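# Summary of structural features
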Amino acid sequence: MKLYKPDYFDRFRCIAGDCPDSCCKEWGVQVDETAAAMYRSLPGTLGDRLREVLSDEDGETVMTIVDGRCPMWRADGLCRIQAELGEEALCKTCREFPRLTHDYGDFIELGLELSCPEAAKFILEAHSTPFIEENRPGEAAAEYDEAAMAVLKATRKHVLALLSGSSRPVGETLVLALLYGYQAQSQLDGGDALPFDPDAALESARELAKPGSFRELADFFLELELLTPQWESLLKNPAPASWDPRTPALARYLVNRYWLQAVSDYDLYCRVKFMVILCLLAKYLGGDLLRTAQLMSKEIENDADNVDALLDAAYAHPAFTDDKLLGMLLGAGKS
Ligand code: SF4
C-alpha cells in the first residue's frame, strides 16, 4: 500500500508548554472507547479525577471542559495523563492531533492540521507542498470510484501547480484556482479534460466579476458555532489587509485536505469555493496570517457542523455567488 505525506510531516513536534494556543483549550475532546474504559478503571487520584470529568454525550465519551480548558492540562502546559502514565495512555484524539489521516483503502494520505500553531508554521511557510511516497506493508482494496479518483488526482495536481510559484497577484492566482475548479467539476461530471488557458480565464473573470461584500461574508461566520471570544471579536472588528504572500500556501493546504474528498459525493466545486471563501475571510480579518488562519481553522475545520454549514452555503448564500467571489478576489469587494 502507498502512503503519501508532506515533506514536513515528520519534522513536526508538539511544543507543549511553549504553544501560543493549545489543543487542550476550548475543545471537548472525544475519548475513544478503549481509553475511556482504561481511564474509568484507574485507581488513585488520577482515576478519581477522570471519573469526575468524563461525560457521555450522544453515545460518545467526552472530556468535559473546565474553566475553558481540559481538566488534565497542568499549570506547566503538560498533560497530567501523559506525565503520569506515558504517551501511550493518551486517547486516540490526543495521541494523533494534529496529524490527519485520509485512508482511501489502497492508499493513505497524511497531513497536519492548520489549527495547531506549530503545524501552521510548516503549512504556511512551505513554498510548495511536495509529497513523500512510502510503501506500507499490506494491501487493501480501493474504497472509491476509481474513474472519479483518477480525475480528482489529475485535477488536484493541476490546481496545485496553478497555486505554486505563480508570479501573478494572489487574488488572480485564486481566481484561476476557482475557475479551474469549475472546469474540474465538469470533468468529474463526465465532461472532457479541456485545456485551461489562464489568460482567457482571467479575461472572463473580469467580465463576470461583481462587487462583493466582505462584511456580508464575515457575517455568515458569526452565525456559525463560535468557540472562542477571540474569534467573535475578530469577526466583529476585522482589520482588512492586503493579500499576504503566504495565502497560496493556505490555499494549497485546503486543496490537499479536501479535493480528493469529492470522491465521496462528486461535489468538488463546493470544496473549491470553501477554499476561496476561507482565503478571502483571512484577508479581510487581517492580522498575522499565521494566527488568523490557525484560529480560523480551529473554529471552522475542527467543527464538523461548521464545515457542513460552509459547504452548503458555498452554493446557497447570497454573499458567495461566483460573480461576487470573483469581484472580491479581483479587488472589487466592499468592506
Ligand atoms: S496545538 Fe499543537 S503545538 Fe500546541 S499543544 Fe497542541 S499539538 Fe502541541
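Since the model is a prediction, treat every value here as computed from it, not as a measurement.

## Thoughts on the sheet that holds strand β1 (residues 2-6)
Read across the sheet, four strands follow the order β5-β6-β1-β7 without closing on themselves; strand pairing throughout is mixed. Each edge of the sheet is formed by a strand with only one pairing partner; in this case those strands are β5 (99-103) and β7 (131-135). Sheet twist, expressed as the mean angle between neighbouring strand axes with direction ignored, is 20 degrees. Alignment of β5 against strand β6 (residues 107-112), held across five bridges, turns out to be antiparallel. By the bridge assignment, Asp103 is partnered in β6 with Ile108.

## Brief notes about the pairing of β1
In the sheet, β1 pairs with β6 via three bridges, with the strands oriented parallel. Following the sheet pairing, Leu3 is matched in β6 by Ile108. Both β1 and β7 contribute to a ladder of five bridges, which runs antiparallel. The residue of β7 that forms the bridge with Lys2 is Asn135.

## Things to note about the sheet that holds strand β4 (residues 60-63)
Taken in spatial order, the three strands line up as β2-β4-β3 in an open sheet, and their pairing is antiparallel. What marks the edges here is a single partner per strand, and that holds for β2 (30-31) and β3 (54-57). Judged from the two bridges that link them, β2 and β4 form a sheet pairing that is antiparallel. Bridge assignment links Gln30 to a residue of β4, and that residue is Val62. In the packing of helix α1 (residues 33-40) onto the sheet, contacts are made with β2, β3 and β4, and the angle to β3 comes to roughly 140 degrees.

## Thoughts on helix α15 (residues 322-329)
Across the eight residues that make up α15, a large majority, six, are buried. Of the positions making up α15, those classed as buried are Lys324, Leu325, Leu326, Gly327, Met328 and Leu329.

## Some details on the domain arrangement of the chain
On domain assignment, one finds that the chain holds domain 1 (2-11 + 104-135), domain 2 (24-96) and domain 3 (146-334). Each of domain 1 and domain 2 has a C-alpha centre, and the two are 27 Å apart.

## Here we look at the site of the ligand
Around the ligand lies a shell formed by Cys14, Ile15, Ala16, Cys19, Asp21, Ser22, Cys23, Phe97, Pro98, Cys116, Pro117 and Glu118. For the shell around the ligand, the per-class residue count stands at nine nonpolar, one polar and two charged.

## Examining the packing of helix α12 (residues 269-285) against helix α14 (residues 304-316)
Packing of α12 against α14 leaves a shortest axis separation of 9 Å and a crossing angle of 100 degrees. It follows that α12 is roughly perpendicular to α14 by the angle criterion. For the pair α12 and α14, the contacting residues are Cys270, Lys273, Phe274 and Ile277 in the first and Leu310, Leu311, Ala314 and Tyr315 in the second. Grouping the amino acids of the contact of α12 with α14 by side-chain chemistry returns seven nonpolar, no polar and one charged.

## Digging into the pairing of β4
Consecutive residues of a regular strand have side chains that alternate between opposite faces of the sheet. In the sheet, β3 pairs with β4 via four bridges, with the strands oriented antiparallel. Along β4, the bridge assignment pairs Leu54 with Met63. Between the end of β3 and the start of β4, which pair antiparallel, lie two residues, with Asp58 showing a positive phi angle near 50 degrees.

Rules and cut-offs
Residues numbered from 1 in each chain as written. Predicted model: local features only at pLDDT ≥ 70, side-chain atom pairs only at ≥ 80, totals over all residues. Pairing = 2+ DSSP bridges. Helix = DSSP H or I, 4+ residues; strand = E, 2+ residues; numbered from the N terminus. Axes fitted to C-alpha atoms, helices over the stretch in contact; angles between N-to-C directions. Contact = placed C-beta atoms within 7 Å. Buried ≥ 20, exposed ≤ 12 C-beta atoms within 10 Å, placed from the backbone. Domains from an automatic or database assignment. Near = placed C-beta within 6 Å. Nonpolar A, V, L, I, M, F, W, Y, C, P; charged D, E, K, R; others polar. Parallel < 35°, antiparallel > 145°, perpendicular 65-115°, else oblique.

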